[in-house]
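Here are the chains, one letter per residue:
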Amino acid sequence: MSRAEATVARADATAPGGRAPRPLWSLGLFRSELVITFRRWRTLALLGVLAAVPVLVGIAVRIETGDGSSVGGGGGGGGEGPAFIAQVTNNGLFLVFTALAATLPFFLPMAVGVVAGDALAGEANAGTLRYLLVAPAGRTRLLLTKYATIMAFCLAATLVVALSALTVGALLFPLGDLTTISGTRIGFAEGLGRALLIALAVAASLTGIAALGLFVSTLTNSGIAAMATTVGLLITVQILDQIPQLDALHPYLFSHYWLSFADLMREPVYWDDLARNLGLQALYAAVFGSAAWARFTAKDITA
């Protein structure tokens, strides 16, 4: 199905008999947007790259520890990537945490930025946005549907990384009870539960970049320009977060608390930074979501 045909199908499915949209209309449009998004080759390629990261990390750790040595000299303290990597050979479940720590700073948000940047600008560039708005959708509903689709991609992308890592970890390393960052031991079932919570926390951490990308997508009719701008902003924020002289600004950058998900592997769990991260993502979503709505509802759609 071509993009134009898909847009026609969306309009037909969401505007039965020319009547005003009913509650099920939004669900139908959302379902259609999900199908279109996840059937694009670009989306499948992004998910494929994300799934490959845990495979590469797992194989690298397996090769490095093949002679019985430890990874990176054993790594201690802290709950970020290196400490997780040091535990992978003891329990493959740690590969889930390692893979998420490795992909969150760039790969995951970059994939989200690509999808978010193309959400509206891509429709305008293809000439389907005006036709889509012919349906009794309303710009607000369409914008909310686009954002919901982006968030669905955030969750799917995070779960792809986690499931790939769990599979590779089970194949290459032993599984069983695991030791938390705090030094206490928990059962494998509880470890799986925490892995799921961590995946959800990582997906929630992408809320801010998703809203930012959607806002950028309302500013241009070029999908490539919107995607490049969003990824460029992501890189800029990451650089700013590494400059010590700007430490007063760091707590307000959407990426600053991303690795706080590691606190879910402590006993007891440290909730402070997790709460700050979720609050900051909600703030970014509110600010840039409102900006996207103000821009999109007032924009003259010419394509």
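Residues numbered from 1 in each chain as written. Predicted model: local features only at pLDDT ≥ 70, side-chain atom pairs only at ≥ 80, totals over all residues. Heavy atoms only, no water.

## Considerations on the overall build of the chain
Thought 1: A count of helices and strands for the chain gives 12 helices and 2 strands.
Thought 2: What you see in the chain, going N to C, is helices and strands ordered as α-α-α-α-α-α-α-α-β-β-α-α-α-α.
Thought 3: Within the chain, contacts between residues separated by at least 24 positions form 76% of all contacts whose residues are at least 6 apart in sequence. (Helix = DSSP H or I, 4+ residues; strand = E, 2+ residues; numbered from the N terminus. Contact = heavy atoms within 4.5 Å.)

## Looking at the nonpolar core
Thought 1: Formed by 78 residues in total, the largest nonpolar core has its most connected members in F97, I150 and F261.
Thought 2: Counting residues per element, this core draws most heavily on helix α8 (residues 139-172), at 11 residues.
Thought 3: Each residue touching F97, except ones within four places of it in the same chain, is listed here: F84, L178, G191, A195, I198, F261 and M265. (Core = buried A, V, L, I, M, F, W, Y, C linked by side-chain atoms within 4.5 Å. Buried < 20%, exposed > 50% of the residue type's maximum accessible area, 1.4 Å probe, protein only.)

## Here's the deal with the pattern of salt bridges
Thought 1: Summed over the entire model, instances satisfying the criterion amount to 8 salt bridges.
Thought 2: Between E33 and K146 there is a salt bridge; the shortest N-O distance is 3.2 Å. Here K146 lies in helix α8 and E33 lies in helix α2 (residues 23-39), a separation of 113 residues in the sequence.
Thought 3: According to the relative accessible area criterion, E33 is buried, its value standing at 2%.
Thought 4: Given a relative accessible area of 4%, K146 falls into the buried group.
Thought 5: Connected via shared salt-bridge partners are E33, E123 and K146. (Salt bridge = Lys/Arg side-chain N within 4 Å of Asp/Glu carboxyl O.)

## Notes on a nonpolar patch on the surface
Thought 1: A surface patch of nonpolar side chains, about 510 Å² in accessible area, is lined by L155, L159, L163, L196, L197 and L200.
Thought 2: Elements with a contribution of two residues or more to the nonpolar patch: α8 and α9 (188-205).
Thought 3: Note on placement: L200 falls in helix α9. (Patch = residues over 30% accessible without salt bridge, like charges linked within 9 Å, V, L, I, M, F, W, Y side chains within 5 Å. Areas by Shrake-Rupley, 256 points an atom, 1.4 Å probe, with all protein chains shown as cover.)

## What about the side chain of T43?
Thought 1: With respect to the element layout, T43 can be found in helix α3 (residues 41-64).
Thought 2: For T43, a relative accessible area of 3% gives the class buried.
Thought 3: Excluding its chain neighbours within four sequence positions, the residues that come into contact with T43 are T37, F38 and F153.

## Points about α3
Because an α-helix packs 3.6 residues into every turn, residues spaced three or four apart end up facing the same way.
Thought 1: For α3, with 24 residues, the first-to-last C-alpha span of 34 Å sits near the 34 Å given by 1.5 Å per residue.
Thought 2: Within α3, the full set of buried residues consists of T43, L46, L47, L50, V53, P54, V57, G58 and V61. (Expected span 1.5 Å × (residues − 1).)

## Re the confidence of the model for the chain
Thought 1: Looking at the chain, the pLDDT average stands at 84 and 83% of residues meet or exceed 70.
Thought 2: Per-element mean pLDDT across the chain ranges from 49 in helix α1 (residues 3-14) up to 96 in helix α10 (residues 207-217).
Thought 3: In the model, residues 13-20 has pLDDT below 50 throughout and makes 10 contacts with residues more than four positions away in sequence or in other chains.
Thought 4: A low-confidence stretch, residues 73-82 (pLDDT under 50), is modelled with 13 contacts involving residues beyond four sequence positions or located in other chains. (pLDDT = per-residue confidence, 0-100.)

## Considerations on the packing of α10 against helix α12 (residues 272-298)
Thought 1: Contact geometry of α10 with α12 gives a least axis separation of 8 Å together with a crossing angle of 10 degrees. Judged by the angle between their axes, α10 and α12 are roughly parallel. Taken together, the residues of α12 that come into contact with α10 (itself represented by T207, G208, A211, L212, L214 and F215) are Q281, Y284, A285, F288, G289, A291 and A292.
Thought 2: Looking at the contact of α10 with α12 residue by residue, the class counts come to 9 nonpolar, 4 polar and no charged. (Axes fitted to C-alpha atoms, helices over the stretch in contact; angles between N-to-C directions. Parallel < 35°, antiparallel > 145°, perpendicular 65-115°, else oblique. Nonpolar A, V, L, I, M, F, W, Y, C, P; charged D, E, K, R; others polar.)

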